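What follows is each chain in one-letter form.
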Amino acid sequence: MSNIIEIKNLRKIYEDGVEVVALDGMDLIIEEGEFLAIVGPSGSGKSTLLNMIGLLDTPTSGEIWLKEKNITKIDPKERARLRNRELGFVFQYHHLLPEFSAVENVMMPLLIAGVDKKEARERSITFLEEMGLGDRLGNRPTQLSGGQNQRVAVARALANHPSIVIGDELTGNLDSKSSDMVYDLLRELNREMNQTFILVTHDMKMAEKTDRILRLVDGRIVCEMLREGDGFVTRDLCELEEDHT
Amino acid sequence: MFELSVAMKHIRVKKRQTILAVGAVGLAVAITIVSRSLMNGSMESFFSIFFELAPHILVTPKEGEEYIYLYKTLMETIWAIPGVIAVSPTLATTATLAYEDNVDNVALQGVISVELNKVTKLGDEYMVAGDLYAIQNGRRVVLGQKIVDKLDVKLGENVRATFPDAKPLTLVVVGIFDTGVAEWDESVFVSLDTARDFMDEGDVISSINIHLEDPYQADAVASEISALGYEAKSWRTMFPDFQEAIDIETFSNNLILILVMVIATFGIANAMNMLVLEKTKEIGMLMAMGANRSSIRRIFLFESGILGLMGGIFGCALGYLVSVYLHSQEYTVTAPTAPQPIVIQFLVDPWDLLAFTLIALVLSVAAGVYPAHNASQLDPVVALRG
Ligand SMILES: Nc1ncnc2c1ncn2[C@@H]1O[C@H](COP(=O)(O)OP(=O)(O)O)[C@@H](O)[C@H]1O
Ligand SMILES: [Mg+2]
């Protein structure tokens, strides 16, 4: 397996008034096809890390490599292009375009990629049907439940066949039944398509469905756990306490 | 073009904002169209009244010559110029008219009454007694009202025309006209033959008056005739102040109208600013999905352009309908020099519809530039947070 993401000594310092070190010299390698969870207390830098990997934000120092290419300092246009081609984001449900129907939301990354409208629609419909939303194509986000919206968001993230799918607290506001469903869906896709999934969660039960769990505290990886059969083995010293967020 | 579909979606969903922005621009365009149609109509009335008595072009003899010789060939040449609708030759001189004990010096003009009427409407609009056309048959004359007053002469009576070196003639008064313009009302008209007899001249004339289909072609036609060696002056050269007054009036009017439209497009700028604020999160999402900065800018430029275009089209339709309605009402004003009340016309120039739709479009896009730029410069992480 090849490395899809390499992060080298990544630092992110926010400076408005007080200096906040959000990422404190992080090194991380993510392999193609991994199903990875990032956990940690609130403010530990999980979202900051995802935003870096997602090319939404730039680090203060350090490097990010995507598919053996240094993308730390590429120009905004190329960043936008890579976001469109290589990355799929799943946000919380209110991150769907509110005035667009389910199918129009899923079509959007395809249209941005320049796919012709008819084909984009057909492909989006196929995705939504696979998600069990074939009868909800024309509904807007306000006309759908939280779980349904999150499935639309997943379909949208996958529409362009990205190599990496990232999700930030993507089941944060779903009940456990809906979030189980979304996770199972992602898990299945991961096995079928060998896409890489990086999911931030504060829910250990969800994290335990993945193959690798990284625990962040104060902008550092303090613990790493790898799946072995039905359980996990820790690589480093870990204080295995639950997060209270 | 996903930018266009996002822009169209905003326009469709944000109905209230759309109606306000389109309404503001539309109203401004409508006001402009009506105001311009009034301007066009007034100009048209003004021109037609003005040129009821003034020629579009006046042709006088070649330099150093007293008369236009071979005028028939010249007139044929002039007739052949496209857009010429009337060519009226004149042989003018001064005469002393006498009736009983009253005498008056007048401008005596030999004309072809049919042609004269085409360039001046004298026969159709200004006769108070008798008939202009009657001068063609023998020793007959029509007199201006001022002369009639001075000589105290009546229709059907004889006046005597004399002048040093001229052959005295007795002329029957066959018509009286009153234009209200002193210069004209001190003239008398006879046939070309009568004038030649009186002056004892051959087949010559002293000037030609020309009317054109389009008065604005006067300069071009005049220079064409000048090229033949004759002196040809367009109304612009004859009445330079007239054109200047029109230009100043048109310019200041247009300036005000453009200002009205600029103010209206502030409505679009405002709507766009609000929209960018309201759609911050959505812009963040589009950026996360891979929309680049120029795409985001384009969304809002498209949107302001479409709103402007809609405003322009709506305004043109409204302005056109209002103009047609006002035109049909035939409101009138009276002017001291005009023989009848003047009907106020509202004439829509089709080019105005096109021009002001385009102006509305351009101004609206310009109004969208700043908000669109702001939207494109958002940081995706910040934008996603809303
Ligand atoms: N835009 C920002 N400006 C200033 N500080 C920020 C900003 N974004 C995040 N931070 C700070 O960086 C740290 C890490 O934040 P974040 O990555 O959002 O944590 P998490 O997602 O793990 O809760 C926190 O202390 C947070 O307050
Ligand atoms: Mg977070």
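Residues numbered from 1 in each chain as written. Chains lettered and ligands numbered in written order. Predicted model: local features only at pLDDT ≥ 70, side-chain atom pairs only at ≥ 80, totals over all residues. Heavy atoms only, no water.

Draft legend 1. Examining the confidence of the model for chain B more closely. Residue and element names in this part refer to chain B. Across chain B, the average pLDDT comes to 91, with 99% of residues at 70 or higher. Confidence, read as mean pLDDT per element, is least for strand β12 (residues 342–343) in chain B (84) and greatest for helix α13 (residues 293–329) (96). Interface confidence for the predicted complex, given as ipTM, is 0.91, next to a pTM of 0.79. (pLDDT = per-residue confidence, 0-100. Helix = DSSP H or I, 4+ residues; strand = E, 2+ residues; numbered from the N terminus.)

Draft legend 2. Inspection of the interface of chain A and chain B at higher detail. Between chain A and chain B, the contact holds 24 residues from the first and 24 residues from the second. Together chain A and chain B conceal approximately 2100 Å² of surface at their shared face, both sides included; 67% is due to carbon and sulfur atoms. Applying the counting rule to chain A against chain B returns 2 salt bridges. Note that Glu 99 of chain A is salt-bridged to Lys 279 of chain B, the shortest N-O span being 2.4 Å. The tally of links between chain A and chain B comes to 5 residue pairs in polar contact (both at pLDDT 80 or more). (Contact = heavy atoms within 4.5 Å. Buried area = accessible area lost by both parts, 1.4 Å probe. Salt bridge = Lys/Arg side-chain N within 4 Å of Asp/Glu carboxyl O. Polar contact = N/O pair within 3.5 Å; in protein donor to acceptor, adjacent residues only side chain to side chain.)

Draft legend 3. Layout of helix α1 (residues 46–53) of chain A. Residue and element names in this part refer to chain A. The buried count for α1 comes to 7 of 8 residues, which makes it a mostly enclosed element. Along α1, the residues that are buried comprise Lys 46, Thr 48, Leu 49, Leu 50, Asn 51, Met 52 and Ile 53. Just past α1, the residue Leu 55 takes up positive phi, approximately 60 degrees. (Buried < 20%, exposed > 50% of the residue type's maximum accessible area, 1.4 Å probe, protein only.)

Draft legend 4. Fine view of the pattern of salt bridges. Going through the model one piece at a time under the given rule, you end up with 27 salt bridges over all chains. Among the ionic pairs, Asp 180 of chain A bridges to Lys 209 of chain A, the shortest N-O distance being 3.0 Å. A residue pair is termed long-range when its members are at least 10 positions apart, and Asp 180 of chain A in helix α6 (residues 176–193) and Lys 209 of chain A in the loop between α7 (204–207) and β9 (212–217) qualify at 29 residues. For Asp 180 of chain A, a relative accessible area of 29% puts it in the partly exposed group. Among the charged side chains, a salt-bridge network with shared partners connects Lys 72, Asp 193, Arg 196 and Asp 203 of chain B.

Draft legend 5. Just the site of ligand 1, in detail. Ligand 1 sits among 13 residues. The nearest are Gly 43, Gly 45, Lys 46, Ser 47 and Thr 48 of chain A. Flanking ligand 1 are residues from chains A and B. Note that an oxygen atom of ligand 1 is positioned 3.2 Å from one of the backbone N or O atoms of Ser 44 of chain A. Between an oxygen atom of ligand 1 and a main-chain N or O atom of Lys 46 of chain A, the distance comes to 2.9 Å. Against a free-state accessible area of 560 Å², the protein chains account for coverage of 69% of ligand 1. Breaking the shell around ligand 1 down by element, the ones donating at least two residues are β1 (3–16), β2 (18–31) and α1 of chain A. With 3 residues, α1 of chain A is the largest single contributor of residues to the shell around ligand 1. For the shell around ligand 1, the per-class residue count stands at 4 nonpolar, 6 polar and 3 charged. (Near = heavy atom within 4 Å. Areas by Shrake-Rupley, 256 points an atom, 1.4 Å probe, with all protein chains shown as cover. Nonpolar A, V, L, I, M, F, W, Y, C, P; charged D, E, K, R; others polar.)

Draft legend 6. Structural view of the domain arrangement of chain B. All names here are of chain B. Looking at the assigned domains, one finds that chain B contains domain 1 (2–51 + 243–385) and domain 2 (57–238). For domain 1 and domain 2, the distance between their C-alpha centres works out to 51 Å. With 6 residues of domain 1 at the interface, the matching set in domain 2 holds 9 residues. Here domain 1 and domain 2 share an interface that buries about 770 Å² over both sides, 59% of which is from carbon and sulfur atoms. Scanning the region where domain 1 abuts domain 2 turns up 0 salt bridges. Taken together, the connections running from domain 1 to domain 2 amount to 1 residue pair in polar contact (both at pLDDT 80 or more). Considering only residue class, the side of domain 1 that touches domain 2 consists of 3 nonpolar, 3 polar and no charged. (Domains from an automatic or database assignment.)

Draft legend 7. Expanded view of the pairing of β9 of chain A. Residues and elements named next belong to chain A. Most of β9 is tucked away, with 5 of its 6 residues classed as buried. Taken together, the 4 bridges between strand β3 (residues 35–39) and β9 define a ladder with parallel strand orientation. Its bridge partner being in β9, Ile 38 is matched across the sheet by Leu 214. Where β9 lies against strand β10 (residues 220–228), 6 bridges are found, and the strand directions are antiparallel. Within the sheet, the bridge partner assigned to Val 217 lies in β10 and is Arg 220. (Pairing = 2+ DSSP bridges.)

Draft legend 8. Examining the sheet that holds strand β6 (residues 87–90) of chain A more closely. All names here are of chain A. The strand order across the open sheet built from 7 strands is β6-β7-β8-β3-β9-β10-β11, with neighbouring strands paired in mixed fashion. Lying at the two open borders of the sheet, with one neighbouring strand each, are β6 and β11 (231–234). Neighbouring strand axes in the sheet, compared pairwise and without regard to direction, differ in orientation by 20 degrees on average. Contacts between helix α2 (residues 76–86) and the sheet are confined to β6 and β7 (164–168), with β6 contributing the most and set at about 75 degrees to the helix. (Axes fitted to C-alpha atoms, helices over the stretch in contact; angles between N-to-C directions.)

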